[in-house]
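Residue-level structural notes
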Amino acid sequence: MKIAVIGTGYVGLVAGACLSETGNDVVCADIVEAKIARLNAGEVPIYEPGLEPLIESNVAAGRLTFTTDIPAAVRASEVIFIAVGTPPDEDGSADLQHVLAVAKTIGESMNGEKVVITKSTVPVGTAKRVREAIEAETEHRVHVCANPEFLKEGAAVDDFMKPDRVVLGVDSEHAAGVLRDLYAPFVRTGHSILMMDVASAEITKYAANSMLATRISFMNVIARLCEETGADVDAVRRGVGSDSRIGSSFLFPGVGYGGSCFPKDVQALVKTMTDLGVDASILRAVEDVNASQKKTLLDRLRRRLGEDLGGRVIAVWGLAFKPNTDDMREAPSIVTIEGLLERGARVVAHDPVAVDEARRRFGDRIEYAAANYDTLDGASALVIHTEWHPYRHPDFGRMKSAMAEPLIFDGRNLYDPARVAEQGFEYHSIGRPTSFPGAVNEA
Ligand SMILES: NC(=O)c1ccc[n+]([C@@H]2O[C@H](COP(=O)([O-])OP(=O)(O)OC[C@H]3O[C@@H](n4cnc5c(N)ncnc54)[C@H](O)[C@@H]3O)[C@@H](O)[C@H]2O)c1
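Calculation criteria
For every chain, the first residue of the written sequence is number 1, and numbering continues from 1 along that sequence. For a predicted model such as this one, the threshold for reporting local features is a pLDDT of at least 70, and the threshold for listing and counting side-chain atom pairs is 80 or more; totals across whole chains, interfaces and linings nevertheless cover every residue. Side-chain metrics in this entry use all non-hydrogen atoms of the structure; hydrogen atoms and water are not considered. Here an angle of 0 to 180 degrees is reported between the N-to-C directions of two axes, which are lines fitted to C-alpha atoms, with helices fitted over the stretch in contact. Here a strand is any run of E in DSSP of at least two residues, a helix any run of H or I of at least four, and the numbering for each starts at the N terminus. Take the far helix as your reference; a near helix turned counterclockwise from it by less than a right angle gives a left-handed crossing, and one turned clockwise gives a right-handed crossing. The criterion used for residue contact is that any of the two residues' heavy atoms lie within 4.5 Å. Three residue categories are used. Nonpolar comprises Ala, Val, Leu, Ile, Met, Phe, Trp, Tyr, Cys and Pro, charged comprises Asp, Glu, Lys and Arg, and polar comprises the others, including Gly. Criterion for a salt bridge: a side-chain nitrogen of Lys or Arg within 4 Å of a carboxyl oxygen of Asp or Glu. Classification of residues uses two cut-offs on accessible area relative to the type maximum, computed with a 1.4 Å probe and protein chains only: under 20% is buried, over 50% is exposed, and between them is partly exposed. Stacked, tilted and edge-to-face pairs are distinguished by plane angle, under 30 degrees for stacked and over 60 for edge-to-face with tilted covering the rest, among Phe, Tyr and Trp rings (Trp via its six-membered ring) whose centres lie within 6.5 Å. We call a charge positioned over a ring when the NZ of a Lys or the CZ of an Arg lies within 6 Å of the ring centre and within 35 degrees of the ring normal. Within this analysis, patches are made of residues with over 30% relative accessible area and no salt bridge. Like charges are joined at 9 Å or less; nonpolar side chains (Val, Leu, Ile, Met, Phe, Trp, Tyr) at 5 Å or less. Accessible surface is estimated by sampling points in the Shrake-Rupley manner with a 1.4 Å probe; for residues, cover comes only from the protein chains shown. Residues are counted as near a molecule or strand when any one of their heavy atoms sits within 4 Å of it. Identification of polar contacts relies on pairs of N or O atoms within 3.5 Å, with a donor-acceptor requirement for protein atoms, meaning one able to donate a hydrogen and the other able to accept it, and with residues adjacent in sequence counted only if both atoms are side-chain atoms. Take the buried Ala, Val, Leu, Ile, Met, Phe, Trp, Tyr and Cys residues and link them wherever side-chain atoms come within 4.5 Å; each set so joined is a nonpolar core. We call two strands paired when DSSP finds no fewer than two bridges between them. Throughout, right-handed denotes a crossover for which the path from the first strand over the helix to the second runs clockwise when the strands point away from the viewer. Every angle not falling under 35 degrees, over 145, or within 65 to 115 is termed oblique; those three ranges are roughly parallel, roughly antiparallel and roughly perpendicular.

One way to put it is that helix H5 (residues 97-109) packs onto helix H6 (residues 126-135) with a least axis distance of 7 Å and a crossing angle of 35 degrees. The crossing of H5 and H6 is right-handed. Here Val99, Leu100, Ala103, Lys104, Ile106 and Gly107 of H5 lie close against H6, whose contacting residues are Thr126, Arg129, Val130, Ala133 and Ile134. Across the contact of H5 with H6, the residue classes break down as seven nonpolar, two polar and two charged.

Attention now moves to the pattern of salt bridges. With the rule as written, the count across this model stands at 29 salt bridges. Ionic pairing is found between arginine 412 and glutamate 387, a salt bridge with its closest N-O pair at 3.4 Å. Taken together, the residues span a long stretch of sequence, with arginine 412 in the loop between strand S13 (407-410) and helix H17 (417-422) and glutamate 387 in the loop between strand S12 (379-384) and helix H16 (396-402) at a distance of 25 residues. Arginine 412 gets classed as buried once you look at its relative accessible area, which sits at 18%. In this structure, a network of salt bridges that share partners links the residues Asp299, Arg302, Glu307, Glu342 and Arg343.

Turning to the packing of aromatic side chains, a few remarks are in order. Where two aromatic rings form a pair, the distance of their centres and the angle of their planes describe that pair. According to the stated counting rule, one finds ten aromatic pairs in the structure shown. Ring plane angle 40 degrees and centroid distance 6.3 Å describe the contact between phenylalanine 160 and tyrosine 183, whose orientation is recorded as tilted. Here the residue phenylalanine 160 occupies a position in helix H7 (residues 156-161), and tyrosine 183 occupies one in helix H8 (residues 173-183), the gap between them amounting to 23 residues. Each member of the pair phenylalanine 160 and tyrosine 183 is classed as buried. Ring geometry for phenylalanine 396 versus phenylalanine 425: centroids 5.8 Å apart, planes at 65 degrees, classification edge-to-face. With phenylalanine 396 in helix H16 and phenylalanine 425 in the loop between H17 and strand S14 (426-428), this pair connects stretches of sequence that are 29 residues apart. Among the residues examined, phenylalanine 396 registers a relative accessible area of 4% and is labelled buried. Taking relative accessible area as the criterion, phenylalanine 425 reaches 0% and is therefore assigned buried. Members of the aromatic cluster, each reached through a chain of ring pairs, are Phe396, Tyr415, Phe425 and Tyr427. It is arginine 165 that lies over the ring of phenylalanine 150; its NZ or CZ is 3.6 Å from the centre. Taking NZ or CZ as reference, arginine 398 lies 4.0 Å from the ring centre of tyrosine 373, over its face.

Attention now moves to a nonpolar patch on the surface. On the surface, Val124, Ile203, Leu276 and Val278 cluster together into a nonpolar patch covering about 340 Å² of accessible area. With respect to the element layout, valine 278 can be found in the loop between helix H11 (262-275) and helix H12 (281-293). Exposure remark for valine 278: the relative accessible area of 42% places this residue in the partly exposed category.

The immediate surroundings of the ligand are formed by 27 residues, with Asp30, Lys35, Thr86, Glu153 and Lys264 found nearest. One of the side-chain N or O atoms of serine 260 is found 3.4 Å from a nitrogen atom in the ligand. Those elements giving two or more residues to the shell around the ligand turn out to be helix H1 (10-21) and H5. Split into classes, the residues belonging to the shell around the ligand amount to eleven nonpolar, nine polar and seven charged.

Now for the nonpolar core. With 58 residues, the main nonpolar core has Leu301, Leu340, Leu376, Leu382, Met399, Ile408 and Tyr415 as its most contacted residues. Residues within four places of methionine 399 in sequence aside, it is in contact with Trp317, Tyr373, Leu376, Leu382, Pro394, Ile408 and Phe425. Counting residues in hydrophobic clusters, the runner-up holds 42 residues, among them Leu96, Ala103, Met110 and Tyr257.

Buried residues dominate strand S9 (residues 313-317), accounting for five of its five residues. Here S9 shows a buried face lined by Val313, Ala315 and Trp317 and a second buried face lined by Ile314 and Val316. Pairing of S9 with strand S10 (residues 346-350) involves five bridges; the strand directions are parallel. Within S10, the residue paired with tryptophan 317 across the bridge is histidine 350. On the question of chirality, the crossover connecting S9 to the parallel S10 by way of helix H14 (residues 332-342) is right-handed. For S9 and S12, the ladder comprises five bridges, and the chain directions are parallel. When the sheet's bridge partners are listed, alanine 315 is paired in S12 with leucine 382.

This next bit is on the environment of tyrosine 47. Positionally, tyrosine 47 belongs in the loop between helix H2 (33-40) and helix H3 (51-60). Residue class for tyrosine 47 comes out partly exposed when judged on its relative accessible area of 33%. Remark: the alpha-carbon pair of tyrosine 47 and valine 353, spanning 306 residues in sequence, is separated by 7.6 Å. If sequence neighbours within four positions are ignored, tyrosine 47 has contacts with Tyr10, Asn324, Thr325, Asp326 and Val353.

Attention now moves to the packing of helix H9 (residues 198-229) against helix H10 (residues 233-241). The interhelical angle for the contact between H9 and H10, taken along N-to-C directions, is 135 degrees, at an axis separation of 9 Å. Between H9 and H10, the crossing angle belongs to the class labelled oblique. The way H9 lies across H10 gives a crossing that is right-handed. Listed contacts from H10 to Met219, Ile222, Ala223 and Cys226 of H9 are Val233, Val236 and Arg237. The residue makeup of the contact of H9 with H10, split by class, is six nonpolar, no polar and one charged.

Next up, the structure:
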């Protein structure tokens, strides 16, 4: 099939590469010339495991190309995915200007019947607006479908190649047939294609992300209860998650959710529901809990070390909002670091892949260490935001001898409090008793 994917961010690039891997001719188009120039020079502008070789082999096979000429990409294709960003607007709703701009360009470039698919996360009713924008420019027949994307950054290629399910909101038998064919190679192991009406598909994406965000905020308030009572949230999590009606995923308490999706999608769903007179208080509570949870490490550190951090070195491990990505959008680390800088601390940070991204945000207001241990020289505390694998089994002896004070604030519960105490650290984690050198505090 001849396919255009418009927008070459995390979603568009992964979708384009994976669709070319199954034999389609795919042109990925974007308005940012520098991005397309890098892709044409063989560089991959984002970090995503497995993506680079996939792009390389499909470009070499002639099935994957990159362009800024969006009209030409549209003319050359029978199927067009819209995968541009839908950032939050000032009022919290999804900003559809990029989606609708692409729809207009598609309309202006139509040279025959085409299937247009919104892959961007868009509020219910958007496919209808996309159709209107296209039909305002052309007499050619267009089918407009919603195919929300559920990939996770850090495992995006795997998620696209072997999805739990493919949700397809379709408006015609023709579109249903085209999309069923297109996705057949990705669901060979029995995962399902769920065909539905367009509005239901649009809502499914927001409902799924909001449900996951709800689980996280829910466990974060349970963690606070554990902290007040001396209980251990890890035990509670296992007890709750082993109920087959609940399941164990997304029950880890932490330093709050971030990233490019959950914060904006919960916010956008609240806006849609409120506009339609539907009670959104449950989701507002999810957001409120998350906003305060993102401050939790800073609050603890301030309580322990005082408001004035002038002259103190604070080591930070992990900048990305989660492991295996360089994405720092809405990352909890930003809240902590800004708070530390405001209080005069010298911040020395490490992240295996997000340092370039951090430099764009913080410039030289913070220091960047090449190795995680290099952050610790003379540090008054270590703050952990991201559960990168190499942080899981560190050499505590080496850490202790480098630090000015053996003090850890762990936003991801990476260590066993008793073990860290044995190593001579004061250890603060989420929803578990604080441990002190030699002993675990029994609340
Ligand atoms: N990142 C994720 O994990 C994820 C997962 C599922 C769904 N989504 C959704 O997919 C959409 C894209 O997300 P992303 O993370 O890939 O965004 P992104 O910001 O990484 O990429 C968006 C791309 O669209 C391009 N673009 C913007 N306007 C354009 C236009 N008029 N014409 C052509 N290109 C244009 C931008 O230059 C950019 O390269 C969003 O709606 C997002 O909510 C993202």
